[in-house]
Amino acid sequence: MSGDTAPHVVEDLLGIVQLLSDGSVVRGDEAAHTPPAPFPDVPGVQWKDAVYDSTRGLKVRLYRPPASAAGDGQGKLPVLVHFHGGGYCIGSYNDLGVAHYLRQRQAADLPALVLSVQYRLAPEHRLPAAIDDGATFLAWLRGQASLVTGAGDADPWLAESADFSRTFLSGVSAGANLTHHLAVKVGSGQIDLAPARLAGYILLSAYFGGVERVASESDPPDDVSLTVEMSDQLWRMALPVGATRDHPLANPFAPGSPDLGPVALPPALVEAPGRDVLRDRVVGYAARLKEMGKAVEVAEFEGEQHGFSVLRWGEPNEELIRILKRFVRQTK
């Protein structure tokens, strides 16, 4: 009698995403599983969606501040590109709740044009798919800047208000990992943004990995939002099949990762929550860049969890907004 060959679950991520033994994926309704808490909108902030990759149907959500927001004296605002978190497996560019509120506050308080970017998710689309989508988005952004420069038919919000010479990349968790890799591609000349310019990049609760445990993983703090086991599972589901956590997309300093020394990285702001199993990886990332002579500011939030900026809102979030505002304004 033949054995049972029916596909079985090999990875179950929070009951939202199941990876089966035949490679197929069952994806549930993430919003139904973890409905976002209702959050008030920021008065005067507007948002809309645009398609940046018609082949794959990928979108970007644009946020613009109230008309009264101060620009550079000529009505121009910095461009803050944002990549959502979720371990490359969950999350969305149009998340509601705290994540949506954060982007509205960034638009209103910095002030800036905030562009929240959709990218393909694993395990249906394993890395480097998300990195490739980020590069495609930057090509779209470069095209928009070129249209504005040449008086072409650019998106009207960007044409009216964007200062493309002050473009910033940012992201939360996996989105911060994606931000790092795109900043490296821009800084090494693999991506040409001109006539736009990358002025800086921002990593919020960056999602990095490695085979060798760091202290915050070996002896994790209490009450964490991301466990070591969940982090490992997300890497298994997101990285190329058979890859370890020392893959260059997980560990920027592993053997085989690009040498960041000669890369012309712009100034970086690195947020490091204290109650995060990845804290030592994040702080270590910043320290390594400083050793290379890169401009890095570290903002530590001792009592906060991984991804706190999109989990709940309180005084630490307000402090983060103040830090972001200062960083964007002082970075030319």
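Residues numbered from 1 in each chain as written. Predicted model: local features only at pLDDT ≥ 70, side-chain atom pairs only at ≥ 80, totals over all residues. Heavy atoms only, no water.

- For the protein, an unreviewed UniProt entry supplies the name Alpha/beta hydrolase fold-3 domain-containing protein and the organism Urochloa decumbens.

1. Considering the overall build of the protein
- When helices and strands are tallied, the protein shows 9 helices and 11 strands.
- Since a compact globule built from 332 residues should have a radius of gyration of about 20 Å, the 20 Å found for the protein is in line with a globular shape.
- Summarising its shape, the C-alpha atoms of the protein cover approximately 75 × 45 × 40 Å along the three principal directions.
- At a minimum sequence separation of 6, the contacts of the protein that also span at least 24 residues come to 75%.
- When the accessible area of the protein is evaluated, it comes to approximately 13900 Å², of which 52% is carbon and sulfur surface.
- Charge centroids of the protein, computed over 30 positive and 40 negative side chains, lie 6 Å from each other. (Helix = DSSP H or I, 4+ residues; strand = E, 2+ residues; numbered from the N terminus. Rg over C-alpha atoms; globule rule 2.2 N^0.38 Å. Contact = heavy atoms within 4.5 Å. Areas by Shrake-Rupley, 256 points an atom, 1.4 Å probe, with all protein chains shown as cover. Lys, Arg positive; Asp, Glu negative; His and termini not counted. Charge placed at Lys NZ, Arg CZ, Asp CG, Glu CD.)

2. Here we look at the environment of Arg213
- As for its placement among the helices and strands, Arg213 is situated in the loop between β9 (198-204) and α6 (215-218).
- Expressed as a C-alpha distance, the spacing of Arg213 and Asp280, which sit 67 residues apart in the sequence, is 9.7 Å.
- Sequence-distant contacts of Arg213, defined by excluding residues within four places in its chain, comprise Ser218, Val228, Asp232, Arg245 and Arg281.
- Among the polar contacts listed, one links the side chain of Arg213 to the side chain of Asp232, at a separation of 2.6 Å. (Polar contact = N/O pair within 3.5 Å; in protein donor to acceptor, adjacent residues only side chain to side chain.)

3. Notes on the sheet that holds strand β11 (residues 296-305)
- Pairing in this open sheet of 8 strands is mixed, and the strands run β4-β5-β7-β6-β8-β9-β10-β11 from one edge to the other. The open sheet terminates on both sides in strands that have one partner only, identified here as β4 (46-53) and β11. Direction aside, the axes of adjacent strands within the sheet are offset by 20° on average.
- Note that strand β5 (residues 58-64) and strand β7 (residues 113-117) share 4 bridges and pair antiparallel. Across the sheet, residue Tyr63 finds its bridge partner in β7, namely Val114.
- Contacting β6 (77-83), β8 (162-172) and β9, helix α5 (residues 174-187) crosses the sheet at an angle of about 135° to β8.
- Its contacts with the sheet place helix α8 (residues 279-291) against β9, β10 (268-275) and β11, and it is angled at close to 150° to β10. (Pairing = 2+ DSSP bridges. Axes fitted to C-alpha atoms, helices over the stretch in contact; angles between N-to-C directions.)

4. Details of the pairing of strand β1 (residues 9-13)
- Here β1 runs beside strand β2 (residues 17-20); their pairing, made up of 4 bridges, is antiparallel. In the sheet register, Glu11 faces β2, and the bridge partner there is Leu19.

5. Here's the deal with the nonpolar core
- By size, the foremost hydrophobic cluster in this structure holds 73 residues, and its most contacted members are Val60, Tyr88, Leu115, Leu127, Phe137, Leu138 and Tyr201.
- Beyond its immediate chain neighbours, meaning those up to four positions away, Tyr88 contacts Tyr119, Leu121, Ala122, Leu127, Ala130, Ile131, Ala174, Asn177, Leu178, Trp235 and Ala238.
- Core analysis: the next-biggest nonpolar cluster, separate from the first, contains 25 residues, Leu110, Phe168, Phe301 and Phe327 among them. (Core = buried A, V, L, I, M, F, W, Y, C linked by side-chain atoms within 4.5 Å. Buried < 20%, exposed > 50% of the residue type's maximum accessible area, 1.4 Å probe, protein only.)

6. Some thoughts on α8
- Over its 13 residues, α8 runs 18 Å from end to end, which matches the ideal 18 Å to within 8%, given 1.5 Å per residue.
- Arg281, Val282, Tyr285, Ala286 and Leu289 are the residues of α8 that are buried. Considered in projection along α8, the buried side chains sweep an arc of 135° and stay on one side of the axis.
- Here the buried face of α8 lies against α5, β9, α6, β10 and β11.
- Positive phi shows up at Gly293, right after α8, with a value of about 90°. (Expected span 1.5 Å × (residues − 1). Arc of directions from axis to C-beta.)

7. A look at helix α2 (residues 98-109)
- In a regular helix each residue adds 1.5 Å, so 12 residues correspond to 16 Å; α2 covers 16 Å between its end C-alpha atoms and thus fits that length.
- When α2 is considered as a whole, its buried residues turn out to be Val98, Ala99, His100, Tyr101, Leu102, Arg103, Gln104, Arg105, Gln106 and Ala107.
- In this structure, the buried residues of α2 make contact with β4, β5, β6, β7 and α9 (315-330).

8. Let's talk about the environment of Pro262
- Among the secondary structure elements, Pro262 is positioned in the loop between α7 (228-238) and β10.
- Taking the C-alpha atoms as reference points, Pro262 and Thr179, 83 residues apart in sequence, are found 18 Å from one another.

9. Some details on the pairing of β2
- Taken together, β1 and the strand that follows it, β2, pair antiparallel across an intervening segment of 3 residues, in which Leu14 is found at a positive phi of about 60°.
- Across 3 bridges, β2 lies against strand β3 (residues 25-27) in antiparallel orientation. Residue pairing in the sheet places Val17 in a bridge with Arg27 of β3.
- The hairpin formed by β2 and β3 contains 4 residues between the paired strands, and Gly23 there has a positive phi angle of roughly 90°.

10. Overview of the UniProt feature "domain: Alpha/beta hydrolase fold-3" (unreviewed entry) in the protein
- Those places that UniProt annotates as "domain: Alpha/beta hydrolase fold-3" (unreviewed entry) correspond, in this numbering, to residues 80-308.
- Between the first and last C-alpha atoms of residues 80-308 the distance is 19 Å; the span itself is 35% helix and 20% strand. (UniProt positions renumbered as here; feature names shortened; annotations may be inferred.)

11. Quick word on the packing of aromatic side chains
- One pass over the full model with this rule turns up 12 aromatic pairs.
- With 6.1 Å between their ring centres and 40° between their planes, Trp47 and Tyr63 make a pair best called tilted. Taken together, the positions of Trp47 in strand β4 and Tyr63 in strand β5 put the pair 16 residues apart, joining distant regions of the chain.
- Ring geometry for Tyr101 and Trp313: centres 4.8 Å apart, planes at 90°, overall edge-to-face. With Tyr101 in helix α2 and Trp313 in the loop between β11 and α9, the pair connects residues that are 212 residues apart, well separated along the chain.
- On the basis of relative accessibility, which here comes to 13%, the residue Tyr101 falls in the buried class. (Phe/Tyr/Trp six-rings, centres within 6.5 Å; stacked < 30°, edge-to-face > 60°.)

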